[in-house]
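# Coordinates in review
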Amino acid sequence: MDFLFRRSYRGPLRGVILDWAGTTVDYGCFAPTLVFLDIFKRFGVEITLEEARAPMGGHKRDHIEEITQIEAVRKRWVAAHGAEPGQDDVDRMFAEFVPAQVAVIARHADIIPGCLEACADFRKRGLKIGTTTGYTGEMTAPLVEAAAKNGYSPDCTVCASDVPAGRPAPWMCFENARRLGVYPMEALVKIGDTVPDIAEGLNAGMWTIGTAVTGNEMGLTEAEAKALSPAEFQARRGRASAKLAQSGAHYVVDGIGEVPAVLDEIARRVAAGEKP
């Protein structure tokens, strides 16, 4: 008989790679959303919160371009400018977006409840803590500084501008693994609140966890979420969770505080020879 043998990693988990806004800081992911609204308004086109949030997770220039491709936004742009939005328009908006985002991003560095406790748990497990973001390095620097003052300091931060392409490409995850010195990729877990976050992790061959309530898919502040009626909260939570699950997330939780319990389950699956 002929047999095929395949290597199977059955060691411990070695690291987590976290998103920023909506996952570890900025409950509801408002720092980029509000700036997108402002930038389009500067160019004579009003967009809705839903439209601003729709492409969340990717490189911010890509995000602006994707908003211009939304049919309703495109029609409004044509009505305002007499022509369809092009690459030059996207470049001009992005050029204004960068300093506008840098100016306000530190105001949105409040740590999401459960994050510091989860990170303490990760440290006890011996896990490295990496991060990825759709922000450029210029935008990320003040956020990292402000978050550190609030008690959150990951081991590594890789920005969309550090790699050839942002999410859903896996390059930021690979760069984290390289800088942190951890491998194989199935020993790492990607955690984020958007569909591109999940795609990034899957494309890198990682386990993935979506954070539904604290992030972009719910799109509410902590106070707004708590003010919902139980029925409305469950409905919105269900929609957000379903979207992340349907994108391929191995697990979906309300927020990062629930991640440690999920890591126990992932560790058991890895020890049994399962792959993401």
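Relevant structure appears above.
Now for a quick tour of the structure.

The rules behind these values
Residues numbered from 1 in each chain as written. Predicted model: local features only at pLDDT ≥ 70, side-chain atom pairs only at ≥ 80, totals over all residues. Heavy atoms only, no water. Phe/Tyr/Trp six-rings, centres within 6.5 Å; stacked < 30°, edge-to-face > 60°. Helix = DSSP H or I, 4+ residues; strand = E, 2+ residues; numbered from the N terminus. Pairing = 2+ DSSP bridges. Axes fitted to C-alpha atoms, helices over the stretch in contact; angles between N-to-C directions. Parallel < 35°, antiparallel > 145°, perpendicular 65-115°, else oblique. Contact = heavy atoms within 4.5 Å. Nonpolar A, V, L, I, M, F, W, Y, C, P; charged D, E, K, R; others polar. Buried < 20%, exposed > 50% of the residue type's maximum accessible area, 1.4 Å probe, protein only. Right-handed = clockwise from strand over helix to strand, strands pointing away. Salt bridge = Lys/Arg side-chain N within 4 Å of Asp/Glu carboxyl O. Core = buried A, V, L, I, M, F, W, Y, C linked by side-chain atoms within 4.5 Å. Disulfide = S-S within 2.5 Å.

## Thoughts on the packing of aromatic side chains
Throughout the structure, instances matching the rule amount to four aromatic pairs. Measuring from ring centre to ring centre gives 4.7 Å for F36 and F97, while their planes differ by 20 degrees; the resulting arrangement is stacked. Of the two residues, F36 is situated in helix 1 (residues 31–42) and F97 in helix 5 (residues 87–104); the sequence distance between them amounts to 61 residues. Between F43 and W77, the aromatic rings sit 6.4 Å apart at their centres with planes inclined by 20 degrees, giving stacked as the arrangement. Residue F43 is found in the loop between helix 1 and helix 2 (49–53), and its partner W77 is found in helix 4 (residues 71–81); the two are separated by 34 residues along the sequence.

## Digging into the sheet that holds strand 3 (residues 156–159)
Taken in spatial order, the six strands of this open sheet run 3-2-1-4-5-6, and their pairing is parallel. Every other strand in the sheet has two partners, leaving strand 3 and strand 6 (251–253) as the edge strands with one partner each. Across the sheet, the mean angle from the axis of one strand to that of its neighbour is 20 degrees, orientation sign disregarded. Where strand 1 (residues 15–18) meets strand 4 (residues 188–192), four bridges bridge the pair, whose relative direction is parallel. Considered in strand 4, the bridge of I17 is made with K190.

## Quick look at the packing of helix 5 against helix 7 (residues 137–149)
In a packed pair of helices, the relevant descriptors are the angle between the two axes and the axis-to-axis distance. At a minimum axis distance of 9 Å, the contact between helix 5 and helix 7 shows a crossing angle of 10 degrees. With respect to helix 7, the axis of helix 5 lies roughly parallel. Within the contact between the two elements, helix 5 uses F94, F97, V98, Q101 and V102 and helix 7 uses E138, M139 and P142. A per-class count over the contact of helix 5 with helix 7 returns six nonpolar, one polar and one charged.

## Examining the pairing of strand 2 (residues 128–133)
Most of strand 2 sits out of view: five of its six residues are buried. Inspection of the sheet shows strand 1 paired to strand 2 by four bridges, in the parallel sense. Note on strand 2: the bridge partner recorded for V16 is I129. Looking at chain direction, strand 2 and strand 3 are connected through four bridges and run parallel. Residue T131 lies in a different strand from strand 3, and its bridge partner there is T157. After leaving strand 2, the chain enters helix 7 and then returns to the sheet as strand 3, a path that is right-handed.

## A word on helix 3 (residues 60–68)
Counted residue by residue, helix 3 has seven buried out of nine residues, so it is predominantly covered. All of the buried residues along helix 3 are K60, R61, H63, I64, E65, I67 and T68. Those residues of helix 3 hidden inside the fold are in contact with helix 1, helix 2, helix 4, helix 5 and helix 7.

## Description of the pattern of salt bridges
Enumeration over the complete set of coordinates arrives at 27 salt bridges. Close ionic contact of E96 with R42 constitutes a salt bridge, the shortest N to O distance being 3.0 Å. Of the two residues, E96 sits in helix 5 while R42 sits in helix 1, which places them 54 residues apart along the sequence. Judged by its relative accessible area of 32%, E96 falls in the partly exposed class. Among the charged side chains, a network of salt bridges with common partners joins D19, R167, K190, D197 and E200.

## Some thoughts on the nonpolar core
Core analysis: the largest hydrophobic core is formed by 57 residues, its most contacted members being F122, Y152, I209, L263 and I266. No other element matches helix 5, which puts seven residues into this core. In contact with I209, not counting residues within four places along its chain, are V189, K190, I191, G192, I198, Y251, V253, V259, V262, L263 and I266.

## Focus on the state of the cysteines
All chains considered together, the criterion is met by zero disulfides. Free cysteine: C159, not disulfide-bonded; nearest cysteine sulfur from C156 at 9.3 Å. Here C173 stays unpaired: no disulfide links it, and the sulfur of C156, its closest cysteine neighbor, is 11 Å away.

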